[in-house]
Amino acid sequence: MFGETGKCFNVAIDHGYFNEHSFLAGIENMKEAVQAIVQVNPDCIQLSLGQANHLQSMPGKNKPSLVMRTDAANIYGSTLPEFLFSEVIDSAVEHAVRMDAVAVCVNLLLLPNQPELHFQCVRNVMKLKTECERYGMVLMVEPLVMLPNHIKGGYSVDGNIAKIKPLVRQAVELGADVIKADPCDEIEQYHEVIEVASGVPVLVRGGGLAADEEILNRTVKLMEQGAAGIVYGRNVIQHDKPAQMTQALMAIVHKGASAAEAQAWLTQEQS
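Keep in mind the model is a prediction, meaning the values are calculated, not measured.

Caption draft 1: Highlighting the overall build of the protein chain. When helices and strands are tallied, the protein chain shows eleven helices and ten strands. With respect to the principal axes defined by its C-alpha atoms, the protein chain has extents near 50 × 40 × 35 Å. Within the span of the protein chain, comprising 271 residues, buried residues form 54% of the whole. Within the protein chain, counting contacts between residues at least 6 apart in sequence, those at least 24 apart form 68% of the total. Summing over all exposed atoms, the protein chain offers an accessible surface of approximately 12100 Å²; the carbon and sulfur share of this is 49%. The averaged location of the 32 negative side-chain charges in the protein chain is 3 Å from the averaged location of its 21 positive side-chain charges.

The following block contains the structure:
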């Protein structure tokens, strides 16, 4: 999962799980989307059980590893439904073993005034941890602190580090082998998130779409703060040049490239 440099770039293409129309942009044709990313060979591709075969059926051994998303949730709409859920698929880890995944991923959600949803997620993590230990599977936990929907609408991350840190620590205490967490508002403080993870590697989420300059600069700063890598989805798959953006981010994660050096990849034609 982490390769020779000890770092990881995981491209998330599991957005169809969440029943949101806007999440499908760039991945309407999953076979083509997966093939485009495989060509530039990131460390991992994060997929659902129903789409994992697009990666694993490709011939050859030199391809990205599979991280399998295990849970579906209904929390990303502009208006939240009356009943919120985050539900793990049946026999998730057995499916992951069968699909030759290197890790499974599950949410640990913290939404304002939604304790029942948080309870569901804690229970999901605990059950998956038991299965992961039984089968020797890596457990990636995704602690997400969200803003109230009336502030920015759906899929709005709360970058308050005072909220991120305890949720990351809870994920670690529940047995996460890898953390997939949001950046904080002040990137220069992210070393505090790394510290509270207590040695568990932290991969940073990309979140919503951002301008090229912003995402490249942010990634450089996060890696400087001690992140073990990144998990970006829409900032890759919805980019005009997803392959070149993948190469640019790989240069930052694995080669320590500057934002300017990474930007140069975006001006090149795909080979």
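We are not done yet, so read on.
Caption draft 2: The sheet that holds strand β7 (residues 138–145), seen in detail. Around the barrel, which closes on itself, the eight strands sit in the order β1-β2-β3-β6-β7-β8-β9-β10 with parallel pairing between neighbours. Each strand of the sheet is rotated relative to its neighbour by a mean of 25°, with strand direction disregarded. When strand β8 (residues 178–181) meets strand β9 (residues 202–205), the two strands line up parallel, connected through three bridges. Within the sheet, the bridge partner assigned to Ile 179 lies in β9 and is Val 202. On the sheet, helix α4 (residues 115–135) packs against β6 (103–110) and β7 and is oriented at approximately 160° with respect to β6. Strands β1 (8–12) and β10 (229–232) of the sheet are contacted by helix α10 (residues 242–255), whose axis makes an angle of about 150° with β1.

Caption draft 3: Layout of the nonpolar core. Residues Ile 13, Ile 179 and Leu 216 are the most contacted members of the largest nonpolar core, which totals 85 residues. In terms of residue count, α10 provides more of this core than any other element does, seven residues in total. In contact with Leu 216, other than residues within four places in its own chain, are Met 245, Ala 248, Leu 249, Ile 252, Ala 259, Ala 262, Gln 263 and Leu 266.

Caption draft 4: Structural context of the pattern of salt bridges. Scanning the entire structure with this criterion turns up 13 salt bridges. Salt-bridge contacts for Arg 69 lead to Asp 14; the nearest nitrogen and oxygen are separated by 3.0 Å. Residue Arg 69 is found in strand β3 (residues 65–69), and its partner Asp 14 is found in the loop between β1 and α1 (30–38); the two are separated by 55 residues along the sequence. For the pair Arg 69 and Asp 14, a shared accessibility class is recorded, and that class is buried. Asp 158 is the partner of Lys 163 in a salt bridge, and the nearest nitrogen-oxygen pair spans 2.8 Å.

Caption draft 5: The arrangement of the side chain of Asn 235 in detail. Along the chain, Asn 235 falls in helix α9 (residues 234–237). The buried category is assigned to Asn 235, whose relative accessible area is 3%. Reaching out from Asn 235, the side chain makes a polar contact with the backbone nitrogen of Ala 210 at a distance of 2.8 Å.

Caption draft 6: Molecular detail of the side chain of Lys 63. Relative to the elements of secondary structure, Lys 63 occurs in the loop between α2 (53–56) and β3. For Lys 63, which is buried and forms no salt bridge, the nearest opposite charge comes from Asp 100, at a distance of 7.4 Å. Here the side chain of Lys 63 touches Leu 55 through a polar contact of 3.2 Å, landing on its backbone oxygen. Within the structure, the side chain of Lys 63 is placed 3.2 Å from the backbone oxygen of Gln 56, a separation counted as a polar contact. Once residues lying within four places of it in the same chain are set aside, the contact partners of Lys 63 are Val 38, Asn 41, Leu 55, Gln 56, Ser 57 and Met 58.

Caption draft 7: Summary view of the environment of Val 193. Along the polypeptide, Val 193 turns up in helix α7 (residues 191–196). Between the C-alpha atom of Val 193 and that of Ile 164, which follows or precedes it by 29 residues, the distance is 7.5 Å. If we ignore the near neighbours within four places in the chain, the residues touching Val 193 are Ile 161, Ile 164, Lys 165 and Val 168.

Scoring rules and cut-offs
- Residues numbered from 1 in each chain as written.
- Predicted model: local features only at pLDDT ≥ 70, side-chain atom pairs only at ≥ 80, totals over all residues.
- Heavy atoms only, no water.
- Helix = DSSP H or I, 4+ residues; strand = E, 2+ residues; numbered from the N terminus.
- Buried < 20%, exposed > 50% of the residue type's maximum accessible area, 1.4 Å probe, protein only.
- Contact = heavy atoms within 4.5 Å.
- Areas by Shrake-Rupley, 256 points an atom, 1.4 Å probe, with all protein chains shown as cover.
- Lys, Arg positive; Asp, Glu negative; His and termini not counted.
- Charge placed at Lys NZ, Arg CZ, Asp CG, Glu CD.
- Pairing = 2+ DSSP bridges.
- Axes fitted to C-alpha atoms, helices over the stretch in contact; angles between N-to-C directions.
- Core = buried A, V, L, I, M, F, W, Y, C linked by side-chain atoms within 4.5 Å.
- Salt bridge = Lys/Arg side-chain N within 4 Å of Asp/Glu carboxyl O.
- Polar contact = N/O pair within 3.5 Å; in protein donor to acceptor, adjacent residues only side chain to side chain.

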